[in-house]
Amino acid sequence: MKFSVLASGSSGNSLFVETDRRRILIDAGLSGKQLAGRMESVGADPSTLSAIFVTHEHIDHVRGLGVLARRHRIPVYMNEATWKALPSAVGEIPGELVHLFETGTTLELDDLVVESIPISHDAAEPVGYHLRHGRETLAIVTDLGYASRRVIDRVRGVDTLIWETNHDTEMLRMGTYPWNVKRRILGDLGHLSNEDAGEALAEILQGIGEQVYLAHLSKENNMTELAHLTVRNILEDAGFHIGRDVELCATHDDRPTPLREVRQTVRK
């Protein structure tokens, strides 16, 4: 299983995953043209996509959904609440391309197994995803206000984890956002801070060489170096050796991460 985080942040989000038989996107939060360009930059042709899975209906996750689905006849998968809440800007998606599932369902697409995970965010029915290809596992969990026990247990020990580190709390509190926006971000239906993300990762990780991608960073209220340093310090205080027990990686809003294989870890 190979993957590239095509985009991550408030301006757009999308993850590309491929196996021997399937190529999928999780979210399509850039324009169709941008998504096609970023896929092509990692050696993938948008017309070969098998499916697009949607985490929730916010525009930074679905901006290019309708365009890609219509242009390349790509099946789209989401729960019914998300389907009903899609913004009009997505445009019409032909009914035969829409596949609705109940949150918590596990779907098998040839050699790829996809499970949706309920999360807490201010959307209709947001989810994360757990992917499995043989013994290789990858999970993506962003846009969550807090890390529930169910989420922590479901992603514990995955080989690759794309995990939200949205904001630095002090930067957010001192920043220019209106107070009602700050309160939403800090609440249980908002976004994880660097500190909360690090504390959750200390519970999730087993120190078996997992790859962790720090994702969905706020342009206004975070910095890549600060997110990395905060999470690193928390994990080191918990006894993890960064670079040996766990690898911390960055995501970007303006370019994709290199296409990379999921590195299978040895379970304890």
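Structural notes, computed from the coordinates. (Residues numbered from 1 in each chain as written. Predicted model: local features only at pLDDT ≥ 70, side-chain atom pairs only at ≥ 80, totals over all residues. Heavy atoms only, no water.)

As for the sheet that holds strand E11 (residues 160–164)
Under the convention used in this document: At least two bridges found by DSSP between two strands are what make those strands a pair. The helix and strand labels rest on DSSP assignments: H or I over at least four residues marks a helix, E over at least two residues marks a strand, and numbering proceeds from the N terminus. A fitted line through C-alpha atoms represents every axis, and for helices the fit uses only the stretch in contact; the resulting angles, taken between N-to-C directions, go from 0 to 180 degrees. The criterion used for residue contact is that any of the two residues' heavy atoms lie within 4.5 Å.
One open sheet holds the seven strands; their spatial order is E7-E8-E9-E10-E11-E12-E13, and the pairing between them is mixed. The sheet is open, and its two borders are formed by strand E7 (106–109) and strand E13 (246–250), each paired with just one other strand. For this sheet, the mean inter-axis angle between neighbouring strands, taken without regard to orientation, is 20 degrees. Summarising the sheet, strand E10 (residues 136–141) and E11 pair through four bridges and their orientation is parallel. Bridging across to E11, Leu138 finds its partner in Thr160. Against the sheet, helix H8 (residues 194–204) engages E11 and strand E12 (210–215), with an angle of about 155 degrees to E11. Contacts from helix H9 (residues 224–237) reach E12 and E13 within the one sheet, and its direction differs from that of E13 by about 165 degrees.

So, the side chain of Ser218
This is how it is decided: Type-normalised accessible area, obtained with a 1.4 Å probe on protein chains alone, sets the label of each residue: buried when under 20%, exposed when over 50%, and partly exposed for intermediate values. Any pair of nitrogen or oxygen atoms within 3.5 Å is treated as a polar contact; in protein, a donor-acceptor pairing is required on top of that, and neighbouring residues in sequence qualify only through side-chain atoms on both sides.
One can find Ser218 in the loop between E12 and H9. By relative accessible area, Ser218 is classed as buried at 8%. Among the polar contacts made by the side chain of Ser218, one reaches the main-chain amide nitrogen of Glu220 at a distance of 3.3 Å. Within the structure, Ser218 has its side chain in polar contact with the backbone nitrogen of Asn221 (distance 3.0 Å).

Considering the nonpolar core
Put simply, the rule is: The nonpolar core is taken to be a set of buried Ala, Val, Leu, Ile, Met, Phe, Trp, Tyr and Cys residues, with the residues joined through side-chain atoms within 4.5 Å.
The biggest cluster of nonpolar side chains holds 27 residues, and the ones touching the most others in it are Val155, Leu161, Trp163, Leu201 and Leu235. Those elements that provide at least two residues to this core are E10, helix H5 (149–155), E11, H8, E12, H9 and E13. Once you skip the residues sitting within four places of it in the chain, Leu235 turns out to touch Gly198, Leu201, Ala202, Leu205, Phe240, Ile242, Val246 and Leu248. Counting 25 residues, the second largest nonpolar core, distinct from the first, contains Val42, Ala44, Leu65 and Ile74.

Looking at unusual backbone geometry
One non-glycine residue with positive phi stands out, namely Asp27, at about 75 degrees. Within the secondary structure, Asp27 sits in the loop between strand E3 (23–26) and helix H1 (32–41). Residues other than glycine seldom take positive phi values, yet Asp110 does so here, at roughly 55 degrees. Structurally, Asp110 is set in the loop between E7 and strand E8 (112–118).

Thoughts on H8
For the record, the criterion: The arc in question is the one traced by the directions running from the helix axis out to the C-beta atoms.
Residues of H8 that are buried include every one of Asn194, Ala197, Gly198, Ala200, Leu201 and Ile204, and no others. Looking straight down H8, one finds that the buried residues subtend no more than 165 degrees of arc, so they occupy a single side. Here the buried face of H8 lies against H5, E11, E12 and H9.

Considerations on the sheet that holds strand E6 (residues 98–100)
The strand order across the open sheet formed by seven strands is E6-E5-E4-E3-E2-E1-E14, and the pairing between neighbours is mixed. Where the open sheet ends on each side, the last strands, each with one partner, are E6 and strand E14 (260–261). Most of the contacts of H1 go to strand E1 (residues 2–7), to which it runs at about 140 degrees, and overall it touches E1, strand E2 (14–18) and E3. Taken strand by strand, helix H3 (residues 65–72) contacts E3, strand E4 (51–53) and strand E5 (76–78), and its axis lies near 140 degrees from that of E5.

As for the environment of Ala197
Turning to its location among the elements, Ala197 is positioned in helix H8. Taking the C-alpha atoms as reference points, Ala197 and Leu214, 17 residues apart in sequence, are found 9.0 Å from one another. Among residues more than four places away in sequence, those in contact with Ala197 are Trp163, Glu164, Thr165 and Leu192.

Overview of the pairing of E10
Residues in a regular strand project their side chains so that they alternate between the two faces of the sheet. Of all six residues in E10, six are buried; the element is thus mostly enclosed. Neither face of E10 is exposed, since Glu136, Leu138 and Ile140 on one face and Thr137, Ala139 and Val141 on the opposite face are all buried. Bridge count between strand E9 (residues 127–133) and E10: five bridges; the pairing is antiparallel. Residue pairing for E10: His130 is matched across the bridge by Ala139.

Regarding the side chain of His191
Tracing the backbone through its elements, the reader meets His191 in the loop between helix H7 (179–186) and H8. Within the structure, the side chain of His191 is placed 2.9 Å from the side chain of Glu164, a separation counted as a polar contact. In contact with His191, not counting residues within four places along its chain, are His121, Asp143, Leu144, Gly145, Glu164, Asn166, His167, Arg184, Ile185 and His216.

Here we look at H9
Heads up, the condition is: Expected span of a helix, by definition, is 1.5 Å for each gap between consecutive residues, and there is one gap fewer than residues.
For H9, with 14 residues, the first-to-last C-alpha span of 20 Å sits near the 20 Å given by 1.5 Å per residue. For H9, the complete set of buried residues consists of Ala227, Thr230, Val231, Ile234 and Leu235. End-on view of H9: buried residues confined to an arc of 125 degrees, all on one side of the axis. H9 presents Glu225 and Asp237 as exposed residues on the side facing more than 90 degrees away from its buried surface. Elements that come into contact with the buried residues of H9 comprise H8, E12 and E13. A positive backbone phi angle near 100 degrees is found at Gly239, which sits one or two residues after H9.

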